[in-house]
Amino acid sequence: MKRLYLVGLGPGDAAMMTAEACAALDDSAAVAGYPLYLDLLGDRIAGKERLTTPMRGELERCRMALAKADEGTTTAMVCSGDAGIYGMAGLVLELASEWPEVQIVSVPGITAAISGAAVLGAPLMNDFAVISLSDLLTPWPMIERRLEGVGLADLVVALYNPSSHKRKDHLSRACDILLKHRGPGCVCGLVRNIGRDGRASEILSLAELRDTEVDMFTTVFIGNSQTVELGGRMVTRRGYAHD
Ligand code: SAH
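Residues numbered from 1 in each chain as written. Predicted model: local features only at pLDDT ≥ 70, side-chain atom pairs only at ≥ 80, totals over all residues. Heavy atoms only, no water.

1. Re the packing of aromatic side chains
Selection criterion: Two aromatic rings, drawn from Phe, Tyr or Trp (for Trp, its six-membered ring), form a pair once their centres lie within 6.5 Å of each other, and the interplanar angle then sorts them: stacked below 30 degrees, edge-to-face above 60, tilted otherwise. Each residue is placed in one exposure class: buried if its accessible area under a 1.4 Å probe, protein chains only, is under 20% of its type's maximum, exposed if it is over 50%, and partly exposed if it falls in between.
Evaluation of the coordinates by the stated rule reveals 2 aromatic pairs. An angle of 65° between the planes, with centres 5.5 Å apart, marks the rings of tyrosine 34 and tyrosine 37 as edge-to-face. For tyrosine 37, a relative accessible area of 16% translates into the label buried.

Below, the structure is given as structure tokens:
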């Protein structure tokens, strides 16, 4: 059986990988992924063949993994968080028809919205959206339209890819759109390096967030009209009646 696993590793900490993800790695003789994630796996993939390409080599990485699996080497394509959320799963499935004998098995992982929410408190208690501020593959006007929709619908939003070297102002532009719908005191949160060395988190207002610089290892949470700060935790009230 020719097999390629699409494995979500969770945020980074081995304790946040699922048992199914561990089993898929154990079953694989080759592991494909961005070098940082292969390094995070450490001894768990010792002795396995590594298939790496630089950050922007996604297409080549997917083709390499499919071709390796087609040779008969069980292969795992690993992504941080979940492979189907801004990861490689979709591209692999788009290319898969070129390698019809390869069976593709998806293994879900804990995405940054979930692991980050647990660090901050319970910001995702009610309906929420996830938006990436990266305009490498999605045009910026489309991202703005989606942010407008989030504002109108009073959704809590988790923002992925909030910054990069080239795009320092995307977060402040996103905050400006949400400030049209929410007050400057709207409760927001940042989580950096979830499950990795250097983990840090902060709860701050939307006005403060607008003027905060973040990096690409950060996930940003913007609360809605029901989000409050309780004892240093970000909590979205769901409407339970209590005193
Ligand atoms: N597939 C990943 C997302 C990849 S997009 C997932 O499901 O989590 C990359 C973005 O994810 C980063 O810019 C950041 O916003 C978020 N992210 C991924 N891992 C993170 C971590 N360990 N800590 C904080 N944010 C993280």
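Still to come is the rest of the account.
2. Focus on the sheet that holds strand β6 (residues 121–122)
Strands in a sheet are paired, the pairing made by backbone hydrogen bonds, and the direction either parallel or antiparallel. Going by this rule: For two strands to be treated as a pair, DSSP must find no fewer than two bridges joining them. Secondary structure follows DSSP: runs of H or I at least 4 residues long count as helices, runs of E at least 2 residues long count as strands, and numbering of each begins at the N terminus.
The sheet built from 3 strands is open, its strands ordered β6-β13-β12 with mixed pairing. Every other strand in the sheet has two partners, leaving β6 and β12 (227–230) as the edge strands with one partner each. Here β12 runs beside strand β13 (residues 233–236); their pairing, made up of 4 bridges, is antiparallel. The partner of leucine 230 across the bridge, within β13, is arginine 233.

3. So, the pattern of salt bridges
Threshold: Criterion for a salt bridge: a side-chain nitrogen of Lys or Arg within 4 Å of a carboxyl oxygen of Asp or Glu.
A full pass over the atoms with the stated rule returns 11 salt bridges. A salt bridge links glutamate 101 to lysine 2; the nearest nitrogen and oxygen atoms lie 2.9 Å apart. Of this pair, glutamate 101 sits in the loop between α4 (89–95) and β5 (102–107) while lysine 2 sits in strand β1 (residues 2–8), and the two are 99 residues apart along the sequence. Of the residues examined, glutamate 101 reaches a relative accessible area of 54% and is grouped as exposed.

4. Observations concerning the side chain of threonine 74
The topology assignment puts threonine 74 in the loop between α3 (58–70) and β4 (75–79). Given the relative accessible area of 17%, threonine 74 is considered buried.

5. A look at the site of the ligand
Definition in use: Consider each residue's heavy atoms; a residue with any of them within 4 Å of a molecule or strand counts as near. Under this definition, polar contacts are N or O atom pairs within 3.5 Å; protein pairs additionally need one hydrogen-donor-capable and one acceptor-capable atom, and for neighbouring residues in sequence, both atoms have to be side-chain atoms. Each residue is assigned to one of three groups, with Ala, Val, Leu, Ile, Met, Phe, Trp, Tyr, Cys and Pro labelled nonpolar, Asp, Glu, Lys and Arg labelled charged, and all others, Gly among them, labelled polar.
Taken together, the neighbourhood of the ligand is formed by 19 residues, with Ser80, Ile85, Thr111, Met216 and Thr218 sitting nearest. Interatomic distance of 3.1 Å between a backbone N/O atom of proline 11 and a nitrogen atom of the ligand. When grouped by side-chain class, the residues that make up the shell around the ligand number 10 nonpolar, 7 polar and 2 charged.

6. Let's talk about the side chain of threonine 227
As a reminder of what qualifies: Contact between two residues is taken to exist if any of their heavy atoms lie within 4.5 Å; hydrogens are not considered.
Here threonine 227 is to be found in strand β12. Threonine 227 gets classed as buried once you look at its relative accessible area, which sits at 7%. Polar side-chain contacts of threonine 227 include one of 2.9 Å to the side chain of threonine 236. Not counting chain neighbours up to four residues away, the residues in contact with threonine 227 comprise Val156, Val187, Met234, Val235 and Thr236.

7. Considering the sheet that holds strand β7 (residues 128–132)
Threshold: Fitted lines through C-alpha atoms serve as axes, helices being fitted only where they are in contact, and the angles separating the N-to-C directions of these axes extend from 0 to 180 degrees.
On the basis of which strands lie adjacent, the open sheet formed by 5 strands has the order β7-β8-β11-β9-β10 and mixed pairing. Lying at the two open borders of the sheet, with one neighbouring strand each, are β7 and β10 (200–205). Within the sheet, the average angular offset between the axes of one strand and its neighbour, ignoring direction, is 15°. Inspection of the sheet shows strand β9 (residues 187–192) paired to β10 by 6 bridges, in the antiparallel sense. Bridge pairing links leucine 190 to glutamate 202 in β10. In this fold helix α6 (residues 140–152) packs onto β7 and β8 (156–160), with an angle of close to 165° to the strand it touches most, β7.

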